[in-house]
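Report on the structure
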Amino acid sequence: MPSLYSFYDWLDRLKRYYAFSRNEQIFLLISVPVMAFIVGFRFEGDKFALNVFLNNFGLSLIAVAVAVFAHESAHRIFGLNMGYKTEFKPFIYGLLAGVILAFMTYGHFIFLAYSGVLLNIMEKHRLGYFRYQLGYFDLGKVSLAGPLANLLIAIAVKSMGFLPQPVAEKLILVNVLFAITNVLPIPPLDGANIMYASKTAYPFVFGAVVSCGLLLLIPWLSTWLTIAASLAIGIFTAVLYFKFVEGKLLSK
């Protein structure tokens, strides 16, 4: 029963290696409130309303915590399934950029970039595996799991009718922003790893993730139509990229 053994082996790895390290916990305790501030900071007209900010900050703190948990859990669960122990590397400049942009735009531009992902190779116990080789393709697959997890959270919340509207809207917005921000080709974000993993697949992934996130923000649009449209837009983006970008490069 190889598949059953693999399943129990994966569960054992989750039990032993899922937990966050002390350094990761400290950085999360810092980055989550900072990103909640970025999301909650907003000027109403030309004035800063403290009561509005405190209400937004409370909702944003919940939404950011859920988004971070989903994002990092997806990296860990998918990575351990592939035989890698994952950890995230802090992106201090991303956090600072988010705070600066929030102040500069009076809270109207939200940029949520706080970390990248690192893979540590776990020793394989079967013959035929490369024991000490990490490929960009594996790193790209583990990285893609993060933004996809955020989109799935947003889709699930949008499908629920029992959540209070302010909570649901904030959860959808924050998870969409996480997915879109992390799919950007900026090191050390997930998008850079996906692009290095496959320059062929990245235009499709970028177009599909960004369009899916933006379409999820339209209240009356169904989730199934959103998914179908985002896949079509992803294909269209890939076609445009290879026709006008790669085509011009090859013709030179």
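Structure first, text after, so check above.
A brief structural summary. (Residues numbered from 1 in each chain as written. Predicted model: local features only at pLDDT ≥ 70, side-chain atom pairs only at ≥ 80, totals over all residues. Heavy atoms only, no water.)

**What about the nonpolar core?**
Met-35, Val-64, Val-68, Leu-112, Tyr-114, Val-174 and Phe-178 are the most contacted members of the largest nonpolar core, which has 41 residues in total. Contributions of two or more residues to this core are made by helix H2 (22-40), helix H3 (50-82), helix H4 (92-104), helix H5 (136-159), helix H6 (165-182) and helix H8 (202-216). Take this core: its biggest share by element is nine residues, from H6. The contact partners of Val-64, leaving out residues within four places of it in the chain, are Val-32, Met-35, Ala-36, Val-39, Val-174 and Phe-178. If you look at the next biggest cluster of nonpolar residues, it comprises six residues, including Met-82, Val-117, Leu-139 and Val-142. (Core = buried A, V, L, I, M, F, W, Y, C linked by side-chain atoms within 4.5 Å. Buried < 20%, exposed > 50% of the residue type's maximum accessible area, 1.4 Å probe, protein only. Helix = DSSP H or I, 4+ residues; strand = E, 2+ residues; numbered from the N terminus. Contact = heavy atoms within 4.5 Å.)

**Observations regarding the side chain of Ser-143**
By the element assignment, Ser-143 lies in helix H5. Ser-143 sits in the buried class, given a relative accessible area of 0%.

**Comments concerning the packing of H3 against H6**
Running from N to C, H3 and H6 point in directions that differ by 50°, and their axes come no closer than 9 Å. In this view, H3 runs oblique relative to H6, as classed from their interaxial angle. Of the two elements, H3 crosses H6, and the hand of that crossing is right-handed. The residues of H6 that touch H3, namely those facing Asn-56, Leu-59, Ser-60, Ala-63, Val-64, Val-66, Ala-67, Val-68 and His-71, are Pro-166, Val-167, Lys-170, Leu-171, Val-174, Asn-175, Phe-178 and Asn-182. Residues belonging to the contact of H3 with H6 are distributed by class as follows: 11 nonpolar, five polar and one charged. (Axes fitted to C-alpha atoms, helices over the stretch in contact; angles between N-to-C directions. Parallel < 35°, antiparallel > 145°, perpendicular 65-115°, else oblique. Left-handed = near helix turned anticlockwise from the far one by under 90°. Nonpolar A, V, L, I, M, F, W, Y, C, P; charged D, E, K, R; others polar.)

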